Amino acid sequence: MSLGTFLKSTIDGANALRTGFGITFRHYAEQQLKTKPVDTIQYPEERREQYPRTRWRHVLTRYDNGLEKCIGCSLCAGACPARCIYVQAAENTDEQRFSPGERYAAKYEINMLRCIFCGFCQDACPTGAIVLRKDFELSDYTREDFLYTKEMFLEAAPMETMIPASTIGAMNRENAAK
Ligand code: SF4
Ligand code: SF4
């Protein structure tokens, strides 16, 4: 390499460094002096408001009286394009009642690794039991941890809202007798 070429490449390199650091320092100064609005937020301490129709983690909802809305009909599983929902239905009894109908979901599982959060399950559900809400922090460590069970989806019910199974059984018998 000739001396001229060496000097030219050294000057070009120094100019490139000066330009790059100039941009970095300009942004740093703007941030410190707050002369420009900052687009980034300090996640996770700060969170952006999500759009109203955001669809993330599923929730199995309950009625105001505490009973589960899911009746184990499997329409959500049928509508799921990723085939990642498994529902196992069982019969309610007057002694042990989970939902107002004849049946409830004894098992409700979703493989969250296959879910594409399309919301078809929510659209297909006749009782509004399964809904996709705004919890998007779904990372985990093992594949098994992404097999979500009914207990993980089910909304908590305050104990005082629960109607005793015997009361609902009596109500159903009254309705049937009418
Ligand atoms: S959001 Fe879509 S892919 Fe996920 S469980 Fe529901 S229907 Fe299946
Ligand atoms: S979530 Fe809805 S569609 Fe799915 S099994 Fe329960 S009631 Fe049926």
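Structural notes, computed from the coordinates. Nothing here was measured: the structure is a model prediction, and the numbers come from that model.

So, on to empty space enclosed by the protein. This model, assessed by the stated rule, comprises two cavities of 30 Å³ or more. Taken together, 16 residues make up the lining of the largest cavity; nearest its centre are Cys 70, Ile 71, Cys 73, Cys 76 and Cys 125. Of the residues in the lining of the largest cavity, the class split is 12 nonpolar, three polar and one charged. The computed volume of the second largest cavity comes to approximately 80 Å³. For the lining of the second largest cavity, the residue count by class is 10 nonpolar, two polar and no charged.

Core analysis: the biggest nonpolar cluster contains 24 residues, and Ile 85, Tyr 108 and Met 112 have the highest contact counts within it. For this core, the elements supplying multiple residues, two or more each, are helix H2 (75-79), strand S2 (85-91), strand S3 (103-111) and strand S4 (130-132). Leaving out residues up to four positions away in the same chain, Ile 85 has contacts with Cys 76, Ala 77, Cys 80, Tyr 108, Glu 109, Ile 110 and Cys 121.

Glancing now at unusual backbone geometry. Excluding glycine, most residues fall at negative phi; most peptide bonds, likewise, are trans. Omega for the bond connecting Tyr 43 with Pro 44 falls within 30 degrees of zero, at 5 degrees, which places this linkage in the cis form. Following the sequence through the fold, Pro 44 ends up in the loop between helix H1 (3-33) and strand S1 (58-60). Even without glycine at this site, Arg 83 takes up a positive phi of about 50 degrees. Within the element layout of this structure, Arg 83 appears in the loop between H2 and S2. Judged by its relative accessible area of 53%, Arg 83 is exposed. Positive phi is not limited to glycine here, since Phe 117 has a value of about 55 degrees.

As enumerated under the stated definition, the model contains five salt bridges in all. The closest approach of N and O atoms between Lys 8 and Asp 12, which form a salt bridge, is 3.0 Å. Here Lys 8 and its partner Asp 12 are both found in helix H1, four residues apart, which amounts to about one turn of the helix. The exposure class assigned to Lys 8 is exposed, which follows from its relative accessible area of 52%. As a salt-bridge pair, Glu 155 and Arg 133 come within 3.2 Å of each other at their nearest N and O atoms. Here Glu 155 is found in the loop between helix H4 (150-153) and helix H5 (165-177), whereas its partner Arg 133 is found in the loop between S4 and strand S5 (147-148), with 22 residues between them in sequence.

Cys 80, Cys 115, Cys 118, Gly 119 and Cys 121 are the nearest of the 14 residues found near ligand 1. Placement of ligand 1 is best described as lying within the second largest cavity. Looking at the shell around ligand 1 residue by residue, the class counts come to 12 nonpolar, two polar and no charged.

The next point concerns the site of ligand 2. Looking at ligand 2, there are 13 residues lining it, with Cys 70, Cys 73, Ser 74, Cys 76 and Cys 125 nearest. Among the cavities detected, the one that contains ligand 2 is the largest cavity. The class makeup of the residues in the shell around ligand 2 is 10 nonpolar, three polar and no charged.

What counts, and at which threshold
Residues numbered from 1 in each chain as written. Chains lettered and ligands numbered in written order. Predicted model: local features only at pLDDT ≥ 70, side-chain atom pairs only at ≥ 80, totals over all residues. Heavy atoms only, no water. 1 Å grid on protein atoms, 1.4 Å probe; cavity = no way out; pocket = protein on both sides within 12 Å on 5 of 7 lines; lining within 4 Å. Points joined across faces, edges and corners; volume = space filled by probe spheres on them. Nonpolar A, V, L, I, M, F, W, Y, C, P; charged D, E, K, R; others polar. Core = buried A, V, L, I, M, F, W, Y, C linked by side-chain atoms within 4.5 Å. Buried < 20%, exposed > 50% of the residue type's maximum accessible area, 1.4 Å probe, protein only. Helix = DSSP H or I, 4+ residues; strand = E, 2+ residues; numbered from the N terminus. Contact = heavy atoms within 4.5 Å. Salt bridge = Lys/Arg side-chain N within 4 Å of Asp/Glu carboxyl O. Near = heavy atom within 4 Å. Sits in = over half its atoms within 2 Å of the grid points.

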